[in-house]
Every structure is written in C-alpha cells, then in structure tokens.
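If you want the building blocks of each chain, they are given just below.
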Amino acid sequence: MGQDISRRTFLKGGMAAAAGVAAGSIPGAAAAARPEEKTQLATLLDISKCIGCGACVDACRETNAHKYPNPQKPFPKMFPDRARVSDWSDKQDVTDRLTPYNWLYIQHASIDINGEETELTIPRRCMHCVNPPCVKLCPWGAAKQLKNGISRIDPEICLGGSKCNAVCPWDIPQRQTGVGLYLDILPNFAGNGVMFKCDRCYDQIEAGQLPACIEACPEDVQAIGPRDKILQKARQLAKEINGYIYGEIENGGTHTIYVSPVPFEKLDAAIEKGKGKPHLAAVSDRMADANNLAAAMVIAPLAGIAAAARKIYNYTKKSN
Amino acid sequence: MKAAAVSQTHSNRHTQSMRYLYVLTVFFMALTGFGQMPIYKRYYLSDIPGFGWLANFWTTRYVHYAGAALLLAIVTYMLVQHIILIRAQRKITLSGYLRGILLLGIVLTGVLFVIKNFAVFVFSPEFIIALNLSHLGFVMIFLLVNLYCLIFKKQWTKVR
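Predicted model only: the values in this text are computed from it and were never measured.

Novice: I tried to follow the pattern of salt bridges on my own but got confused; where do I start?
Specialist: Residues and elements named next belong to chain A. All chains considered together, the criterion is met by 10 salt bridges over all chains. Measuring nitrogen to oxygen at the nearest pair gives 2.9 Å for the salt bridge that ties K67 to D199. You can see K67 sitting in the loop between α3 (55–64) and β2 (105–113) and its partner D199 sitting in the loop between β7 (194–196) and α6 (202–206), a full 132 residues away along the chain. Both residues of the pair, K67 and D199, belong to the buried class. In this structure, a network of salt bridges that share partners links the residues K67, D199 and D203.

Novice: Looking at this structure, how should I read the interface of chain B and chain A?
Specialist: Contact with chain B, which involves 41 residues of that partner, is made by 48 residues of chain A. Summing both sides of the interface, chain B and chain A together bury roughly 4,100 Å²; the carbon and sulfur share of this comes to 68%. Ranking the residues of chain B by area buried against chain A places R42, W58 and V122 of chain B at the top, with a combined share of 18%. Counting across the interface, chain B meets chain A through 1 salt bridge. With a closest N to O distance of 2.6 Å, D47 of chain B and R82 of chain A form a salt bridge.

Novice: I would appreciate a short explanation of the sheet that holds strand β10 (residues 256–260) of chain A in the present structure.
Specialist: Think of a sheet as strands paired side by side through backbone hydrogen bonds, with each pair either parallel or antiparallel. Residue and element names in this part refer to chain A. Reading across from one edge, β8-β1-β10-β9 is the order of the 4 strands in this open sheet, with mixed pairing throughout. Since the sheet does not close on itself, it has two edges, and those belong to β8 (222–226) and β9 (244–246), each with one partner. Within the sheet, the average angular offset between the axes of one strand and its neighbour, ignoring direction, is 25 degrees. Relative to β10, strand β1 (residues 41–46) is paired through 4 bridges, and the arrangement is parallel. Note that in β10 the partner of T43 across the bridge is T256.

Novice: Would you take a moment to explain the packing of helix α11 (residues 294–319) of chain A against helix α2 (residues 57–86) of chain B for this structure?
Specialist: Relative placement of two packed helices is described by the angle separating their axes and the distance separating the axes. Remark: α11 of chain A packs on α2 of chain B, axes separated minimally by 7 Å, with the N-to-C direction vectors making an angle of 35 degrees. In this structure, α11 of chain A crosses over α2 of chain B, and the sense of that crossing is right-handed. Residue-level contacts link A296, M297, A300, P301, G304, I305, A307, A308, K311, I312 and Y315 of chain A of α11 of chain A to Y65, A68, A69, L72, A73, T76, Y77, V80, Q81, I84 and L85 of chain B of α2 of chain B. Looking at the contact of α11 of chain A with α2 of chain B residue by residue, the classes come out as 18 nonpolar, 3 polar and 1 charged.

Parameters at a glance
- Residues numbered from 1 in each chain as written.
- Chains lettered and ligands numbered in written order.
- Predicted model: local features only at pLDDT ≥ 70, side-chain atom pairs only at ≥ 80, totals over all residues.
- Heavy atoms only, no water.
- Salt bridge = Lys/Arg side-chain N within 4 Å of Asp/Glu carboxyl O.
- Helix = DSSP H or I, 4+ residues; strand = E, 2+ residues; numbered from the N terminus.
- Buried < 20%, exposed > 50% of the residue type's maximum accessible area, 1.4 Å probe, protein only.
- Contact = heavy atoms within 4.5 Å.
- Buried area = accessible area lost by both parts, 1.4 Å probe.
- Pairing = 2+ DSSP bridges.
- Axes fitted to C-alpha atoms, helices over the stretch in contact; angles between N-to-C directions.
- Left-handed = near helix turned anticlockwise from the far one by under 90°.
- Nonpolar A, V, L, I, M, F, W, Y, C, P; charged D, E, K, R; others polar.

Scope: geometric values only; no functional claims are made or implied.
Laid out in structure tokens, this is it:
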C-alpha cells in the first residue's frame, strides 16, 4: 500500500510486477500495468488533484496530431441544403471544447466548498462506455470497441453521418467535413465527413505505452488499469475524501471514472455545457430499453407455436 | 357441411388478418430499419406530419425490436400452420422458397445484431461490418423480390 507505480516502471516493461502493485497503489498514480489484451482498461481521474494546467490537452494534441483531419477544399456541395458543412480546419487552435482537432479539454467549475469559493478543473474527453452506443449503433461499423474497452472511430470507414454524436449521451464525437470515404461514394448526397474523438491513444497502449494525457500530467491526476481494480481504487478514494464517483453506473458504466470532492450535481450545475462541452449529469443506460425487448424475442416464437397449435386444435376438433 | 363451411370461412379470415399483420410488420421493420441510418432527417422524411419520430434513433430502434418480436411470432405461426395444416394441399413455390431463405437471413443476422448490442459481447469490427452489410443486403433483396411478386402476382404457395 502506498507504493506508487511510476511511469518509468511502466515503460521499462515491468508489467507483471506493476500489475500486482497497481491494485494496492494509491489512486492518481500512473499505475498502468500492461494487462492481457482482453482486459477492459479504465482510467480514474481524481478531480481534486487537477490544477487545470492543460499539459494533458497539449500532450493529446501533439501525440494525436497525425490523426487529425486534413480536409479537401472546396467541400462538395451537399443536397439537400439541410446537410451543413462542419469545418474546424480553420479553428484548430480551439481548446475550450471538443472538436475534431481537440479531443480533450479542461472544464472549469467554481464551487462553494465549506464556505470557500473553490475552482475545480476537470479534464473531459470520451467516457469510453462499457456498452458504447456510438459503437453499437453505428450503421456501418465504423466505430469500434476494442477488447481492452477503448471505443474508437475508424477514419477510413466513417461516413460522417453523425449518428454516433446523436446517440452519445455526452456529445463527444465531432465532425469534420471534406475528409473520408464519403468523398469516393456520393459526396453530394450521402455522408458528410468523418467523426473524431478521443481513442485513448489506442496505438500507444498497443505499444505498451501510456495514453498521452496520463503520461504528461504533472499531478498524476489519472490512473489506468483493469476496470475492476480502478473501481476499487475509486471507491477507496471516495471513501477517504468523502467524495463522489461518476462513470461507474452512468450509461450502464464507463471506462472513465471520475472521483470528486463535491457531488456531481453541483459540478454539473457549475460547468459550462453545450455542443462539444459534455455535462456531468446522471445518465441512464441508453442501450438497456431496447435490449430488454430481447426477452420478448425469445418468447415470440413460442407464442407463434402456441397460436398455431390452438388453430390446429380447433381445426382438428371441427373436422371430427 | 354448413358448419364446415363456416369454419373454413373463419379460418380464411384468420389467415387473411395474419397476412395483413405480417405485411404491416414488415413495413414498419423496413421503415425503422432504414431509420438506423441517418437519412430521414437529412431528406426531410421526418418532417412529414406523423413521421417526426423517425428522426429519433432510440425510438426507431425500440420499434424495430418490438417489430422483430412480432415478426418472429408471425413467421413461427405461419410455418407451423403450413407444416401441419396446409402442406398436404399446397406446396411452396420457388418465389416462396426464395423469400423464405431471405427472411431467414434477415432473422439470423438480426438475432446476431441483438446479441451484439449487449454489453458483454464484443464482436470483431470486421464481423460487425459484415453483419451490417449482410443484414442490409438481405433486406434490400427481400424487398425487391416482394415487389416482383406483388407485380407479377406470385404466391408463397400453390395447389399441389
């Protein structure tokens, strides 16, 4: 206990050793054991540690710059006019919200804690849901969930229909027009670019490295590890600081867990929300409603057989 | 003799109403199925009075699931009824077999979709793309074949 896993330990490849200690290390440390590929990884963000320096935002932009869109202009004229161009290519320096060129930003909240006005800062990016609507409801399979829990959008396949944004409870994926597969199909009539969002540096993780935002944080705000371990740590931390957890049950559970010293209702009321600026409100499991109808689908053939049996019985009875 | 005729009329009405229910279900399944793509809002279809709900992906998904349960019940009913009551007098036509196979393809890929949408199942991205394309492909061919059958008055079954 109390023994941190340093970034150096992780990078040196002391993965097995790290895994054992990670479970007992204090939250907020960059305790990223390299688990099996199938292990669902979650991140823990200790809001009380964040100083809002923006190092994570800079690191994210630098590390992922090669994934950013490079749109062709002029954009194809789209029909009907309702399909609007979404162009962030001239606003790439925007860092106060999520954009196709900014996958992580810092939210600010002025909160009264014990009579003292306190400024809290919250790094916001994709929540990487356990059952992500963006992935599960993408009509083309362009959004993917990796076995380690990361949700990412494949820019080679995405058509930019923005359904992932419409079904995301947090308004995370953002569209850039003028890039992607739609240009090769029917650019005037279908598609509108590519959706972009945090992929939690899936390529860095594949290479045994930490996501850029975790690596760069001078305050060790984030920890990464197997979801069950991260949840244990989150609960322990919440207990220690008499705090609150967000992401454990929201939308059926996410792979991004926040721990805050103040209730999330208060934080949600204090932050600026809107397009590209996700809330911190309670979210029910969006996928569950229709999924619950699966039971009806199991019963349905039995009901069909029963109805047919009744008809056959009546027919046979009358024939006799 | 009179009782048998009344029974036959009742049976025909029953089968006819089941056919209407089947056609209505297929219509709503196709409508909500295409609604899984972001096209109704873009092409103003959801602006038509009474069709606003088509722009809501959650609503169309829920209706699609409910329709799938109903379709499964109807198909099972028709199949069991055919095997036990009708098969002796009528046989399935070529277009009937074709429609049946396509419907089976729609149902099987649809079941895989339902399984995929649970949290515990993480299918490979390649498999999901294949699933998307095959479900859509089966539906498109099924609708075209049905249109052909409607125009040329092709029945599912014919007298032996």
